[in-house]
Amino acid sequence: RLLVLAQPRAEDRTVTLGAAVAGRFFAIHPLPVESVSWITERRDVLSGLLFLATTLVYLGRWTADGVPQPRGRLRYAVCLIVFAAAVLSKSMTVTLPAVLIILDVYPLRRLGPAAGGWLTPRARAVWLEKVPFLLLSALTVAVTFAIHRGHENLASMEEFGLVDRLALCVHSLVFYLWKTLVPIGLSPMYELPATLEPWRWRFVGAAVLALAITVAALARARRWPALLAAWTAYGLMLIPVSGLFQNGFQVAADRYSYLPCLPWALLAGAGDAQLVTGGGAARRAPAAVALTPQALVA
């Protein structure tokens, strides 16, 4: 569905192949194995299903040309109900409203420059329809914090200061992207060092690389909108488990990538399809092609 909306003029075989590669990439990648094999993490699988179902229903409200589908109010209600089930499954799905806003910018083009602005009457309607989703997310966050505080699971600011948390957050951005591209040395525990020391090269290098990717994605946003959308969605979905709200003794965990790394699977599928079918989009989007399995093997 996303590939059709992003490239409405693409051939059916290109879209089908891209979707198949993206699905296969997600299904066989070793990084999210914990979510499937650990009985205590089956909530990842359930919440992931509901996360994707909400997104699918949301995208189904429009045709590939942006024309609203009939029974729009019913579809919106179903979307909201499925999202409520998602946050009940796992609180990490609270980031979905932000992801839907990204999808409104690209590929739906209901917000932003392609839609004529951010605060036009049409844009205000798009913002307004997100209010119920945001309220559900806010309620879930409040309940989750209350539970963790009651069990004293969250690290205090005395244990981890703001600089420490930001260092962990930036490290997570690069860590999971690297493990997606090069899934070796995986472990059930990446233990926090005894002393965090955010000025070590491990964290400074991650900050430099994350900044470079952000600058590149912004600079090429018009030509490669999918890259900026994927990078932004990835970063937002990582926030609950990035270290800003440190919980536990791990600096990272493979299972945390279950939802956030979905955009990379999608880019891999899109780039692979264009390589195989010889489409011109592959020449216009080298960033997407660089993430494909064929490019990695090469």
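Up top you'll find the structure we're talking about.
Residues numbered from 1 in each chain as written. Predicted model: local features only at pLDDT ≥ 70, side-chain atom pairs only at ≥ 80, totals over all residues. Heavy atoms only, no water.

### Side note on the overall build of the chain
So, point 1. Looking only at helices and strands, one finds 15 helices and two strands in the chain.
So, point 2. Taken across its 298 residues, the chain has 45% of its residues classed as buried.
So, point 3. Only carbon and sulfur atoms are counted for the fraction: they give 68% of the accessible area of the chain, which is about 15600 Å². (Helix = DSSP H or I, 4+ residues; strand = E, 2+ residues; numbered from the N terminus. Buried < 20%, exposed > 50% of the residue type's maximum accessible area, 1.4 Å probe, protein only. Areas by Shrake-Rupley, 256 points an atom, 1.4 Å probe, with all protein chains shown as cover.)

### What about the packing of helix 10 (residues 201-219) against helix 11 (residues 225-238)?
So, point 1. Remark: helix 10 packs on helix 11, axes separated minimally by 8 Å, with the N-to-C direction vectors making an angle of 140°. One finds that helix 10 runs oblique with respect to helix 11. Crossing geometry of helix 10 relative to helix 11 is assigned as left-handed. Contacts between helix 10 and helix 11 involve Ala 210, Ile 213, Thr 214, Ala 217 and Leu 218 on the former and, on the latter, Leu 227, Leu 228 and Trp 231. (Axes fitted to C-alpha atoms, helices over the stretch in contact; angles between N-to-C directions. Parallel < 35°, antiparallel > 145°, perpendicular 65-115°, else oblique. Left-handed = near helix turned anticlockwise from the far one by under 90°. Contact = heavy atoms within 4.5 Å.)

### Examining empty space enclosed by the protein
So, point 1. Overall, the coordinates contain two cavities of 30 Å³ or more when judged by the stated rule.
So, point 2. What lines the largest cavity is simply Phe 25, Phe 26, His 29, Leu 31, Pro 32, Thr 180, Ser 257, Tyr 258, Cys 261 and Ala 265.
So, point 3. Tallied by class, residues from the lining of the largest cavity come to seven nonpolar, three polar and no charged.
So, point 4. In this structure, the second largest cavity occupies an estimated 40 Å³ of space.
So, point 5. Lining the second largest cavity are Asp 44, Ser 47, Lys 90, Met 92, Arg 255, Tyr 256, Tyr 258, Leu 259 and Pro 260.
So, point 6. Split into classes, the residues belonging to the lining of the second largest cavity amount to five nonpolar, one polar and three charged. (1 Å grid on protein atoms, 1.4 Å probe; cavity = no way out; pocket = protein on both sides within 12 Å on 5 of 7 lines; lining within 4 Å. Points joined across faces, edges and corners; volume = space filled by probe spheres on them. Nonpolar A, V, L, I, M, F, W, Y, C, P; charged D, E, K, R; others polar.)

### Regarding the side chain of Lys 90
So, point 1. Considering the arrangement of structural elements, one finds Lys 90 in the loop between helix 5 (72-89) and helix 6 (96-105).
So, point 2. Looking at Lys 90, the relative accessible area reads 11%, which means it is buried.
So, point 3. A polar contact of 2.3 Å, which involves the side chain of Lys 90, links it to the side chain of Asp 44.
So, point 4. Contacts of Lys 90, omitting those with residues within four sequence positions, involve Glu 41, Arg 43, Asp 44 and Ser 47. (Polar contact = N/O pair within 3.5 Å; in protein donor to acceptor, adjacent residues only side chain to side chain.)

### A look at the environment of Leu 139
So, point 1. Position of Leu 139 among the secondary structure elements: in helix 8 (residues 131-150).
So, point 2. Spatially, the C-alpha atoms of Leu 139 and Val 94 are 9.4 Å apart, while their sequence positions differ by 45 residues.

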